[in-house]
Amino acid sequence: MIIELDNTHKQDLSSLRSLSAEIISEFCKIALEFIKKGSNKKLYMGASQKLNIAADKIESLVDSITYLFSECTRFMLNENDFNDTLAPIKLSDEVIEILRESYFDNRKDIRNTLQEFYPHLDHYQNLEWRLDTQIANRSLGSSINPIYLLKLITKCGSDNPIEHLLQTDPNNLKHLCNELESALNEIRTYENRLIIRNIK
Amino acid sequence: MNLSEDVLKGIETLSDEKLINDSVFKHIIDTCFLVILKKKTESDLFDNKAVSSVDTIALKQTFSAFIVFILESMKINYDQSSISDLLEEHKLSSSRIDFISNYFKEYRVAIRKHLSVTNFHFPHIIDVNWRLDLFMKSNAVEKLNTPVYLINLTTEQEENVKGKVQFAATLDQLQDLVFKLRDAQKQIERSSIKS
């Protein structure tokens, strides 16, 4: 399949013809950063001074490369389809080669980033735990009460990680382990493997 | 055991069989234990016809004194014979001491359990719920087909105040989580073998 590029994107990409290979690969890097972390106006300002091109022109160019990469990644375009997508713009082979290399090198990373665009779902990051034994409190002396203190760290996209401080007792921990383990095993059952294999 | 004079005076009032007859005595003791276990409330103290004959101030003093006595003795896990001795010192009749001792025998474990959780703590995980989804595609990516686990931890902050922690995990992330939790769980077995 081919990605349909609209006119602005075509114009932006065709302006790559007049740029050197070094600068093009620099733009590719900025576009990849853009996908991962969002736009960075300072970078555009710096580049605009260096190259003597207006900052908004650079921004729009990076936007177009970003669009190209994310759409191609979205549909997992192979080499032929990627070349066909760029064919109407009539770029030189050298420029296409740079774009293609940058696309294939980073496709996996881009997909991982795109996957994280869930609506409002925190993803598991890390878990730290500590085993304490409570031996006294204000209302009760000489007792033994084992408590697990858990620090669950979750993250939503590129936001700051969120820390949840939780605690549990050995029995509940065992229950938690068993339940989550059965969740892991569920994916290996015959029926579920069949479903996963047949959804294309 | 350190008890203030007010408390000791309150316990002594319990020995006054003229002021507090047997049915009132039994009602006070019963209410004290059940209030601590949160099965009754303090207003139940006055829900008894026999009680109306007793001076309200004396009744309240006795009630609060005995509550303190139960809490303090259970805090240091005072044994049965020491409790009987102390009550005897304050002139309670043996039938009344027996009555109180029976209550202590019956509720000792329950009260200590109650006291151990009467405290502040972090949200306590009491249950977990999970769901396995196959993430097929979204507006940003197609042809994905990776499993995604949605995990919902039920927590309890105070009694009957529930909270939840919700997060998603990929297969690798969940494996990492389970590995760490198993490790934590084994740690307590290792510690108990060593000691």
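Quick caveat, the model's predicted, so the values are computed rather than measured.

K.L.:
I'd love a proper account of the pairing of strand E3 (residues 161-170) of chain B, names of residues and values included.
P.N.:
Residues and elements named next belong to chain B. Relative to E3, strand E2 (residues 146-158) runs antiparallel, the two sharing 10 bridges. Within E3, the position partnered with Leu153 by the bridge is Val165. Remark: 2 residues form the turn of the hairpin made by E2 and E3, two consecutive strands paired antiparallel; Asn160 in that turn has positive phi of roughly 65°.

K.L.:
A description of the interface of chain A and chain B should follow, citing residues and the corresponding values.
P.N.:
A common way to state how big an interface is: give the accessible area lost once the parts meet. With 47 residues of chain A at the interface, the matching set in chain B holds 47 residues. Top contributing element to the side of chain A that touches chain B by residue count: helix H7 (residues 170-186) of chain A, with 12 residues. For the side of chain A that touches chain B, the per-class residue count stands at 27 nonpolar, 13 polar and 7 charged.

K.L.:
Help me get a handle on the nonpolar core, residues and values and all.
P.N.:
Core analysis: the biggest nonpolar cluster contains 24 residues, and Leu180 of chain A together with Tyr149, Ala169, Leu174, Leu177 and Leu181 of chain B have the highest contact counts within it. Elements supplying a minimum of two residues to this core: strand E1 (123-134), strand E2 (145-155) and H7 of chain A together with E2, E3 and helix H6 (171-194) of chain B. Apart from the residues lying within four places of it in its own chain, the contact partners of Tyr149 of chain B are Ala183 of chain A together with Trp130, Leu132, Ala168, Ala169 and Leu174 of chain B.

K.L.:
So what's going on with helix H3 (residues 56-75) of chain B? Which residues, and what values?
P.N.:
All names here are of chain B. Spanning 20 residues, H3 covers 28 Å between terminal C-alpha atoms, matching the ideal 28 Å at 1.5 Å per step. Close packing links the buried residues of H3 with helix H1 (5-13), helix H2 (22-36) and helix H5 (94-117). One or two steps after H3, the chain reaches Asn77, where phi turns positive at roughly 55°.

The rules behind the values
- Residues numbered from 1 in each chain as written.
- Chains lettered and ligands numbered in written order.
- Predicted model: local features only at pLDDT ≥ 70, side-chain atom pairs only at ≥ 80, totals over all residues.
- Pairing = 2+ DSSP bridges.
- Helix = DSSP H or I, 4+ residues; strand = E, 2+ residues; numbered from the N terminus.
- Contact = placed C-beta atoms within 7 Å.
- Nonpolar A, V, L, I, M, F, W, Y, C, P; charged D, E, K, R; others polar.
- Core = buried A, V, L, I, M, F, W, Y, C linked by C-beta atoms within 7 Å.
- Buried ≥ 20, exposed ≤ 12 C-beta atoms within 10 Å, placed from the backbone.
- Expected span 1.5 Å × (residues − 1).

Read these as spatial facts, not as claims about activity.
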